[in-house]
Amino acid sequence: MINRKEKATAPDIEQEAELSFAEALMKFIEKLFSFFRPSCTFEEFLEKTGEYFDDIMKQKEKNGKVKCAGGKITFKLLGGKVDMNSKLYFMSKEEKWTLMESSNSVNKSRFNDWDTDKDLKKLSRGETVELDINPPE
């Protein structure tokens, strides 16, 4: 999981049941379109990326008899791309550290909240954003 802030809780089911039919239909359509849009918020991206890192850490722990201590992911805006660099740290039973690194980039246009997201605003100003990657629970 990428540690950015406290995780938002899901809306109460009873509250959703009290919605009118029109409101419920609008919520359904919004959710449906969210799966097909060409861009996402930075938070959505971090959530999906965090799930990916969790899977990698769990698999490496299972197969390699190591324990993941977490890691870091950094973002930097370079032209029309957001460069990402991640590092995951693992410790063996013999207390030897290993490092797993990954680099990638994504088009800036993939994020649709440049005007509102605090970390994307930092990237726009030329700053580097570094976030912790917590080991899965």
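First, a word on scope: everything that follows refers to the structure included in this document. As a convention, each chain's residues are numbered from 1 in the sequence order in which they are written. Per-residue local features are limited, in this predicted model, to residues with pLDDT of at least 70; the limit for side-chain atom pairs, both in listing and counting, is 80 or more; totals at the level of whole chains, interfaces and linings are taken over all residues. Only hydrogens and water are removed before side-chain values are computed, so all heavy atoms of the structure are retained for them.

### Observations regarding the pattern of salt bridges
For side chains of opposite charge, pairing can occur when their charged atoms come near one another. Worth spelling out the cut-off: Throughout this description, the term salt bridge denotes a Lys or Arg side-chain nitrogen within 4 Å of a carboxyl oxygen of Asp or Glu. Under the scheme used here, helices are H or I runs from DSSP no shorter than 4 residues and strands are E runs no shorter than 2 residues, and both carry numbers assigned from the N terminus. Only protein chains enter the area calculation, which uses a 1.4 Å probe; residues under 20% of their type maximum are buried, those over 50% are exposed, and those in between are partly exposed.
Taken as a whole and judged by the stated rule, the model has five salt bridges. The residue Lys 72 makes a salt bridge to Glu 130 at a minimum N-O spacing of 3.9 Å. Placement of the pair is Lys 72 in strand S2 (residues 66–78) and Glu 130 in strand S5 (residues 129–133), with a sequence separation of 58 residues. Among the salt bridges present, the one from Asp 119 reaches Lys 118, with a minimum N-O distance of 3.8 Å. A relative accessible area of 47% means that Lys 118 is categorised as partly exposed.

### Regarding the packing of aromatic side chains
We apply this condition: Two aromatic rings, drawn from Phe, Tyr or Trp (for Trp, its six-membered ring), form a pair once their centres lie within 6.5 Å of each other, and the interplanar angle then sorts them: stacked below 30 degrees, edge-to-face above 60, tilted otherwise. Criterion for a charge above a ring: Lys NZ or Arg CZ within 6 Å of the ring centre, and within 35 degrees of the ring normal.
A full pass over the atoms with the stated rule returns six aromatic pairs. A ring pair is formed by Phe 42 and Phe 45, whose centres lie 6.4 Å apart and whose planes are at 15°; its orientation type is stacked. Here Phe 45 and Phe 42 lie together in helix H3 (residues 42–64), a separation of three residues that amounts to about one turn. Taking the relative accessible area as the measure of exposure, Phe 42 reaches 0% and is therefore buried. On the accessibility criterion, Phe 45 (17% relative accessible area) is buried. Ring centres of Phe 42 and Phe 75 lie 5.1 Å apart, and the angle between their planes is 75°; this geometry places the pair in the edge-to-face category. A residue pair is termed long-range when its members are at least 10 positions apart, and Phe 42 in helix H3 and Phe 75 in strand S2 qualify at 33 residues. For Phe 75, a relative accessible area of 1% puts it in the buried group. An aromatic cluster is built from Phe 42, Phe 45, Phe 75, Phe 111 and Trp 114, whose rings are joined through pairwise contacts. The ring centre of Phe 90 lies 5.6 Å from the NZ or CZ of Lys 60, which sits over that ring.

### Structural notes on H3
Filter applied, for reference: How far a helix is expected to stretch is found by multiplying one less than its residue total by 1.5 Å.
Over its 23 residues, H3 runs 32 Å from end to end, which matches the ideal 33 Å to within 8%, given 1.5 Å per residue. Residues of H3 that are buried include every one of Phe 42, Phe 45, Leu 46, Thr 49, Gly 50, Phe 53, Asp 54, Ile 56 and Met 57, and no others. Lys 65 occupies a position one or two residues after H3 and carries a positive phi of about 50°.

### A look at the pairing of strand S4 (residues 97–107)
Worth spelling out the cut-off: Note on pairing: two strands pair once DSSP finds at least 2 bridges between them.
As paired elements, strand S3 (residues 81–92) and S4 share 11 bridges and run antiparallel to each other. Across the sheet, Met 91 pairs through a bridge with Trp 97, a residue of S4. What sits between S3 and S4 in their antiparallel hairpin is a turn of four residues, with Glu 95 showing a positive phi close to 65°.

### Examining the environment of Asp 83
As a reminder of what qualifies: In this description, contact between two residues means that some pair of their heavy atoms is separated by no more than 4.5 Å.
Tracing the backbone through its elements, the reader meets Asp 83 in strand S3. We classify Asp 83 as partly exposed; its relative accessible area is 24%. In the structure, Asp 83 is positioned 45 residues away from Thr 128 in sequence and 9.9 Å away in space, judged by C-alpha atoms. Once you skip the residues sitting within four places of it in the chain, Asp 83 turns out to touch Thr 74, Phe 75, Lys 76, Leu 78, Asn 104 and Ser 105.

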